[in-house]
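# Structure at a glance
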Amino acid sequence: MTAIKKIYEILDNGFLILKGIPVYSFLFFRIVHHLCKAAYFWDKKMGLIDHEIMQHQLRDLPWEQKVRELEDVRLKEQYLIFSGVMRLFDPYPDNFLGYCVQNGLGRTDLSKDLGIIPFWYSEMTDLFDLKYWRLSKEGSQKRDMLCDGRWHETRT
């Protein structure tokens, strides 16, 4: 239910704050929708619902990937995936980065079909771009910290 409370808070305000940066709700929900698609259609669910009380019910559900749209997924599955995705942003970016590493998501996966990529999100997706890692000293340092599990130590 925390995810539902958070969504109402974001809708009431029209924005949320991530790492001290205001993010408009329409851009945030575009990313949430994309991550829900990745979890359901690309089977990137590792670590997504470990916190959820109903996680055992999710494991027992027969996952039928016959639907074409996320909106056609059964409501119980939608809730579980949505609550897991919302949890990726608390605390941000630690949970988000951990999820991406655990599920092997690269920059292409994280930005596929988005069209417009918000700046706050591109900062995180750049960390998973191999070209960024090779060309940038800062990227190499961030990659090493991410792989070593030291990312949370540098959070401000």
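Described in the following lines is the structure provided in the data block. Remember, predicted model here, so these are calculated numbers, not experimental data. (Residues numbered from 1 in each chain as written. Predicted model: local features only at pLDDT ≥ 70, side-chain atom pairs only at ≥ 80, totals over all residues. Heavy atoms only, no water.)

### Brief notes about the overall build of the chain
Using the following cut-off: Think of it this way: any DSSP run of H or I at least four residues long counts as a helix, any run of E at least two long counts as a strand, and we number them from the N terminus. Buried, partly exposed and exposed residues are distinguished by accessible area as a fraction of the type maximum, computed with a 1.4 Å probe on protein chains only: under 20%, between the cut-offs, and over 50%, respectively. By definition, residues are in contact when any of their heavy atoms lie within 4.5 Å.
Tallying secondary structure elements over the chain gives 9 helices and 2 strands in all. From first element to last, N terminus to C terminus, the chain shows the α and β order α-β-β-α-α-α-α-α-α-α-α. Relative to its 156 residues, the chain shows a buried fraction of 39%. Within the chain, contacts between residues at least 6 apart in sequence are counted, and of these 60% link residues at least 24 apart.

### Points about the pairing of strand β1 (residues 15-18)
Threshold: Strands are treated as partners if at least two bridges between them are detected by DSSP.
Side chains L16 and L18 of β1 all project onto a buried face; the interleaved residues F15 and I17 project onto a face where none is buried. Bridge analysis of β1 against strand β2 (residues 21-24) gives 4 bridges, and the strand direction is antiparallel. In the sheet register, L16 faces β2, and the bridge partner there is V23. As consecutive antiparallel partners, β1 and β2 are separated by 2 residues, and within that stretch K19 has a phi angle of approximately 55°, a positive value.

### Some points on the packing of aromatic side chains
Note the cut-off: Ring geometry is summarised as follows: Phe, Tyr and Trp rings, the Trp one being its six-membered ring, pair when their centres sit within 6.5 Å, and such pairs are stacked at plane angles under 30 degrees, edge-to-face over 60 and tilted between the two.
This structure, assessed with the given rule, holds 12 aromatic pairs. Ring geometry for F28 against F89: centres 4.9 Å apart, planes inclined by 70°, an arrangement best described as edge-to-face. Pair noted here: F28 is in helix α2 (residues 25-41) and F89 is in the loop between α4 (75-87) and α5 (94-103), with a separation of 61 residues, a long-range link. Pair check on accessibility: F28 and F89 agree, each one buried. What links up through ring pairs into an aromatic cluster is the set F28, F29, F89, Y92, F96, W120 and Y121.

### With respect to α2
What counts is decided by this rule: Expected span of a helix, by definition, is 1.5 Å for each gap between consecutive residues, and there is one gap fewer than residues.
The terminal C-alpha atoms of α2, which comprises 17 residues, lie 24 Å apart, in line with the 24 Å expected from a rise of 1.5 Å per residue. All of the buried residues in α2 are S25, L27, F28, I31, V32, H34, L35, C36, A38, A39 and Y40. Looking one or two residues beyond α2, the residue adopting positive phi is D43, at roughly 55°.

### Regarding unusual backbone geometry
For the bond from D90 to P91, the omega torsion is -5°, close enough to zero to count as cis. Mapped onto the elements, P91 comes out in the loop between α4 and α5. Of note, the amide linkage connecting Y92 to P93 takes the cis form, showing an omega dihedral of 10°. Checked against the element boundaries, P93 lands in the loop between α4 and α5.

### Regarding α4
Taking 1.5 Å as the rise per residue, α4 with 13 residues should run 18 Å; its terminal C-alpha atoms sit 18 Å apart, in good agreement. Those residues of α4 not exposed but buried are E77, L80, I81, F82, S83, G84, V85 and M86.

### Thoughts on the packing of helix α1 (residues 2-13) against α4
Each pair of packed helices can be described by the angle between their axes along with the distance between the axes. Put simply, the rule is: Angular values range over 0 to 180 degrees, each being the angle between N-to-C directions of two axes fitted as lines to C-alpha atoms, with helices fitted over their stretch in contact. To sort the angles, those under 35 degrees are grouped as roughly parallel, those over 145 as roughly antiparallel, those from 65 to 115 as roughly perpendicular, and the leftovers as oblique. Put simply, a crossing is left-handed when the front helix is turned counterclockwise from the back one by less than a right angle, and right-handed when it is turned clockwise.
Viewed as axis vectors pointing N to C, α1 and α4 meet at an angle of 65°, and their least axial separation amounts to 9 Å. Relative to α4, α1 is oriented roughly perpendicular. Pair α1 / α4 crosses with left-handed handedness. Between α1, through A3, I4, K6, I7 and I10, and α4, the contact on the second element is made entirely by Y79, F82, S83 and M86.

### Some points on the packing of α1 against α2
Selection criterion: In this classification, the charged set is Asp, Glu, Lys and Arg, the nonpolar set is Ala, Val, Leu, Ile, Met, Phe, Trp, Tyr, Cys and Pro, and all remaining amino acids, among them Gly, are polar.
Where α1 meets α2, the axes come as close as 10 Å, and the angle between the chain directions of the two elements is 150°. Each of I7, I10 and L11 in α1 lies in contact with α2, whose residues at this interface are S25, F28 and F29. Tallied by class, residues from the contact of α1 with α2 come to 5 nonpolar, 1 polar and no charged.

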